[in-house]
Protein chains: 2
Amino acid sequence: MQHVQAPSEHQLAAFRQFNRFYTRQIGVLAESMYRSEFSLTEARVLFELAHKNGLTATALASTLGLDAGYLSRILKKFESRGLLQRTPSADDARQSHLKLTVAGRNTFEPLDRAARELAIAALAPLPPSERETLVEAMTTVERLLGNAPEPRVPYILRPLRVGDVGWITHRQGLLYHQEYGWDETYEALVAQILGEFVRNFDPNAEASWIAERDGKVVGSVFLVRQSEEIAKLRLLYVEPATRGLGIGRRLVDECIAFARSKGYRTLTLWTNDVLASARRIYQAAGFRLVKEEQHRSFGKDLVGQTWELNLQHG
Amino acid sequence: MQHVQAPSEHQLAAFRQFNRFYTRQIGVLAESMYRSEFSLTEARVLFELAHKNGLTATALASTLGLDAGYLSRILKKFESRGLLQRTPSADDARQSHLKLTVAGRNTFEPLDRAARELAIAALAPLPPSERETLVEAMTTVERLLGNAPEPRVPYILRPLRVGDVGWITHRQGLLYHQEYGWDETYEALVAQILGEFVRNFDPNAEASWIAERDGKVVGSVFLVRQSEEIAKLRLLYVEPATRGLGIGRRLVDECIAFARSKGYRTLTLWTNDVLASARRIYQAAGFRLVKEEQHRSFGKDLVGQTWELNLQHG
DNA sequence: TTAATTGCTTGATCCAGTCAAATAAATATT
DNA sequence: AATATTTATTTGACTGGATCAAGCAATTAA
């Protein structure tokens, strides 16, 4: 059962403002097309036709959100001018497949170039770094508003890369601050642990896994050597937005498998009792609570827990 | 002289795709208004009138990008229905100031609520974290495309907050990786330094400054106590996109002033000769190079430099 | 004083876009 | 197999959103 929280006023306001802004923006674009022999809608149709052969009228109408009758007339106009060729569909005599003729492509070309010039004119004044920022932001909007197809692969695991240490520190610091009120010393501890992990990394005895989804880090875990026989799992974390995909469990499983393969006898970890969702994962994976102690850290009174997994009986 | 590089093909494509996408998006919005007694344009006019009193027709036409004649008719319609009141301007008898009547506000209200419902419907399906991402991306697009007024305050300095340590580590790690090819051990070093800084922080002898612009961290510097008489400046960094605003210089100046006020005699720092822009700042601030040594770090052969500033003669 | 510009209005017009009805093919139902 | 329903497309009829150009009065510049 998921409680759906209402969007905040600030979010609604920003969303609506953006729509007003972009309505105007597109008005400007449309205006600049005004002198051409085609309307904005006709140009959109041409664009679709130029980029995809064999479309049917219905498909076209639905991707552009056009009235079927209106589109029909536009297509008729194109055909009468020799820009468009219709081929009756083999398996449905009602439909035909649409394709621009050579003349059609030639007509589209200057239109397309003009649109390109417009885009250049919009981007060129920006410093290069901001161009990239802009494009990224646009992609984000599109992905989130367009009923973005859920990524086929829900997430991938990959090794640590430059930038990850800082990012994970940042997210964990913020997250535990927001959720549990831990202060900046927690983030600092994470930074130190990860810094040391990287600088003293022993590839034969240690490992890390980063879960990535849609190009963004959504989880991670680290396995360090504590002694000849004991490996330690550290800093398991999963982005709240991606909980429920089994990422946490997967990360822990990877750790266990790796530790076992390297001949460790015990996998240990230290956590705090407030971290309930992590605890469930550890329990499910077979860890057993071996020690608890009160401590004051990160600005809070906490109960630290040590969990262990025997790697040999399994 | 600034060389203006052309936008990349990828950027142009993304930009144009977004325009097509949002054209469709706005088409959907307009459609949903179809049954109301006002057209989308009329609704936009109403919105502007509802949110700003005393507008003139020309101002309105230009903010919405409307034809003056068309707007004139719309206003006439509003006035004849008693939604709008025009007050002749005192200092220009050609203009009049526009203001919604009470009836006008009452008419606008359900319209506004409907638009609000639409916004809710668009945002509600997203998980909260993505809502915020979306809104941020929209704001970014708007800022970059709308001839965004440069933020009045180009940047602000603020103390360290939770999340900063990780973020700064992330950015510095990535940046020096991209610009100079340094490997992940540099990021790890930054993490350790910052982690230690926070955990052993002595507010009477140490300090940090975060430069923020538009809500985003764009620079930082840390000052640590090395001994009774020597303070050390560490990890100066400025986002490339915001170079030229004097942020680096400002951060260094803050360090110097703080070190002086705390009675240190010397301010020292360690850097590498490849970091040219930082070096210029140190030189300009009066630092002198006191030592150089070759070393191999971060996967590169580097020349380390120690710079010092005498805090007493100034 | 005259000329040019600006703010707004009005007449004329157009064509983008909507709606409903019609046709023919495909699919579902009996 | 016959009938009903749905789907893809077309066509006729119409509306009203939007543009353009001309015009008027007030303002500003020459």
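Computed from a predicted model, the values in this text were never measured in an experiment.

1. Digging into the side chain of Glu212 of chain A
All names here are of chain A. Here Glu212 shows up in strand β4 (residues 207-213). Owing to a relative accessible area of 13%, Glu212 belongs among the buried residues under this scheme. Among residues more than four places away in sequence, those in contact with Glu212 are Tyr155, Ile156, Arg158, Arg161, Val217 and Val218.

2. Examining the domain arrangement of chain A
Annotation of chain A at the domain level lists domain 1 (9-145) and domain 2 (156-310). On a C-alpha basis, the centres of domain 1 of chain A and domain 2 of chain A stand 48 Å from each other.

3. Some remarks on the sheet that holds β4 of chain A
Residue and element names in this part refer to chain A. What the seven strands build is an open sheet, ordered β3-β4-β5-β6-β7-β9-β8; its pairing is mixed. Edge positions in the open sheet fall to β3 (156-158) and β8 (288-297), since each of these has one partner strand only. Each strand axis lies, on average, 25 degrees off the axis of its neighbour in the sheet, ignoring direction. Sheet topology places β3 next to β4; three bridges connect them, and they run antiparallel. Looking at β4, one finds that Ile156 is bridged to Glu212.

4. Regarding the nonpolar core
Counting 106 residues, the largest nonpolar core has Leu233, Leu267 and Phe287 of chain A together with Leu233, Leu267 and Phe287 of chain B as the members making the most contacts within it. Judged by nonpolar contacts, the second largest core, of 30 residues, contains Ala119 and Leu123 of chain A together with Leu126 and Val141 of chain B.

5. Structural notes on the pairing of strand β5 (residues 216-225) of chain A
Residues and elements named next belong to chain A. By the criterion of burial, β5 is predominantly enclosed, with eight of the ten residues buried. Bridge count between β4 and β5: seven bridges; the pairing is antiparallel. Within β5, the position partnered with Ala211 by the bridge is Gly219. Relative to strand β6 (residues 230-238), β5 runs antiparallel, the two sharing six bridges. The residue of β6 that forms the bridge with Gly219 is Val238. Here β5 folds back onto β6 in antiparallel fashion, the turn holding four residues.

6. A few points about the protein's contact with DNA strand C
Taken together, 22 residues sit near DNA strand C, with Thr41 and Tyr70 of chain A together with Thr58, Arg73 and Arg94 of chain B positioned nearest. Sugar and phosphate atoms constitute 65% of the interface atoms of DNA strand C, taking the interface as everything within 4 Å of the protein. Contact between DNA strand C and Tyr70 of chain A: a phosphate oxygen at 2.2 Å from a side-chain N or O atom of the residue. For the surface near DNA strand C, the secondary-structure elements that each account for two or more residues are α4 (68-80) of chain A together with α3 (57-64) and α4 (68-80) of chain B. Ranked by residue count, the leading element in the surface near DNA strand C is α4 of chain B, at five residues. Grouping the amino acids of the surface near DNA strand C by side-chain chemistry returns five nonpolar, eight polar and nine charged.

7. Focus on unusual backbone geometry
Residues and elements named next belong to chain A. A positive phi angle is found at Phe298, which is not glycine, with a value near 55 degrees. Note on placement: Phe298 falls in the loop between β8 and β9 (300-310). Under the relative-accessibility criterion, Phe298 is labelled buried at 8%.

8. What about the sheet that holds strand β9 (residues 300-310) of chain B?
Residues and elements named next belong to chain B. Ordered by their spatial adjacency, seven strands build an open sheet running β3-β4-β5-β6-β7-β9-β8, and the pairing between neighbours is mixed. Only two strands of the sheet have a single partner each, and these edge strands are β3 (156-158) and β8 (288-297). When strand polarity is set aside, the average angle formed by the axes of neighbouring strands in this sheet is 25 degrees. Contacts between helix α7 (residues 164-180) and the sheet are confined to β3, β4 (207-213), β5 (216-225), β6 (230-238) and β9, with β6 contributing the most and set at about 70 degrees to the helix. Each of β3, β4, β5, β6, β7 (266-272) and β9 is contacted by helix α9 (residues 247-261), which is oriented at about 165 degrees to β6, the strand it contacts most.

9. Describing the protein's contact with DNA strand D
Inspection of the region around DNA strand D gives 23 residues, with Thr58, Arg73, Arg86 and Arg94 of chain A together with Tyr70 of chain B positioned closest. Counting only atoms of DNA strand D within 4 Å of the protein, the fraction found in sugar and phosphate groups is 65%. In the environment of DNA strand D, a phosphate oxygen lies 3.2 Å from a nitrogen or oxygen atom belonging to the side chain of Lys76 of chain A. Contacts to DNA strand D include Arg94 of chain B, whose side-chain N or O atom sits 3.3 Å from a base nitrogen. Broken down by secondary-structure element, the contributors of at least two residues to the surface near DNA strand D are α3 (57-64) and α4 of chain A together with α4 of chain B. The dominant element in the surface near DNA strand D, judged by the number of residues it contributes, is α4 of chain A, at five residues. Split by residue class, the surface near DNA strand D holds five nonpolar, eight polar and ten charged.

10. A few points about the UniProt feature "domain: N-acetyltransferase" (unreviewed entry) in chain A
Those residues carrying the UniProt feature "domain: N-acetyltransferase" (unreviewed entry) are residues 155-312 of chain A in this numbering. Between the C-alpha atoms that bound residues 155-312 of chain A there is a distance of 30 Å. The span itself is 36% helix and 36% strand.

11. Examining the pattern of salt bridges
Side chains that carry opposite charge are capable of pairing whenever their charged atoms lie near each other. With the rule as written, the count across this model stands at 34 salt bridges over all chains. Arg16 of chain A serves as the salt-bridge partner of Asp112 of chain B, at 2.6 Å between the closest nitrogen and oxygen. Taken together, the residues Asp112 of chain B in helix α5 (residues 102-123) and Arg16 of chain A in helix α1 (residues 9-32) connect one chain to another. Residues Arg171 of chain A and Glu239 of chain A are paired through a salt bridge, measuring 2.7 Å at the closest nitrogen-oxygen approach. Of the two residues, Arg171 of chain A sits in helix α7 (residues 164-180) while Glu239 of chain A sits in the loop between β6 and α9 (247-261), which places them 68 residues apart along the sequence.

12. Brief notes about helix α2 (residues 40-51) of chain B
Compared with an ideal rise of 1.5 Å per residue, which puts twelve residues at 16 Å, α2 of chain B spans 17 Å between its outermost C-alpha atoms and is within 8% of the ideal. Counting buried residues in α2 of chain B gives nine out of twelve residues, a clear majority hidden from the surface. Residues Thr41, Glu42, Ala43, Arg44, Val45, Leu46, Phe47, Leu49 and Ala50 of chain B constitute the buried set of α2 of chain B. Buried residues belonging to α2 of chain B abut α1 of chain A together with α3, α4, β1 (84-88), β2 (96-100) and α5 of chain B.

13. A short note on the packing of helix α6 (residues 128-145) of chain A against helix α1 (residues 9-32) of chain B
With their axes 10 Å apart at the nearest point, α6 of chain A and α1 of chain B run at an angle of 40 degrees to one another. With respect to the hand of their crossing, α6 of chain A and α1 of chain B are arranged in left-handed fashion. Touching Pro128, Arg131, Glu132, Leu134, Val135, Met138, Val141, Glu142 and Leu145 of chain A of α6 of chain A are His10, Gln11, Ala14, Phe15, Gln17, Phe18, Phe21, Tyr22 and Gln25 of chain B, all from α1 of chain B. Partitioned by chemical class, the residues of the contact of α6 of chain A with α1 of chain B number eleven nonpolar, four polar and three charged.

What counts and what doesn't
- Residues numbered from 1 in each chain as written.
- Chains lettered and ligands numbered in written order.
- Predicted model: local features only at pLDDT ≥ 70, side-chain atom pairs only at ≥ 80, totals over all residues.
- Heavy atoms only, no water.
- Helix = DSSP H or I, 4+ residues; strand = E, 2+ residues; numbered from the N terminus.
- Buried < 20%, exposed > 50% of the residue type's maximum accessible area, 1.4 Å probe, protein only.
- Contact = heavy atoms within 4.5 Å.
- Domains from an automatic or database assignment.
- Pairing = 2+ DSSP bridges.
- Axes fitted to C-alpha atoms, helices over the stretch in contact; angles between N-to-C directions.
- Core = buried A, V, L, I, M, F, W, Y, C linked by side-chain atoms within 4.5 Å.
- Near = heavy atom within 4 Å.
- Polar contact = N/O pair within 3.5 Å; in protein donor to acceptor, adjacent residues only side chain to side chain.
- Nonpolar A, V, L, I, M, F, W, Y, C, P; charged D, E, K, R; others polar.
- UniProt positions renumbered as here; feature names shortened; annotations may be inferred.
- Salt bridge = Lys/Arg side-chain N within 4 Å of Asp/Glu carboxyl O.
- Expected span 1.5 Å × (residues − 1).
- Left-handed = near helix turned anticlockwise from the far one by under 90°.

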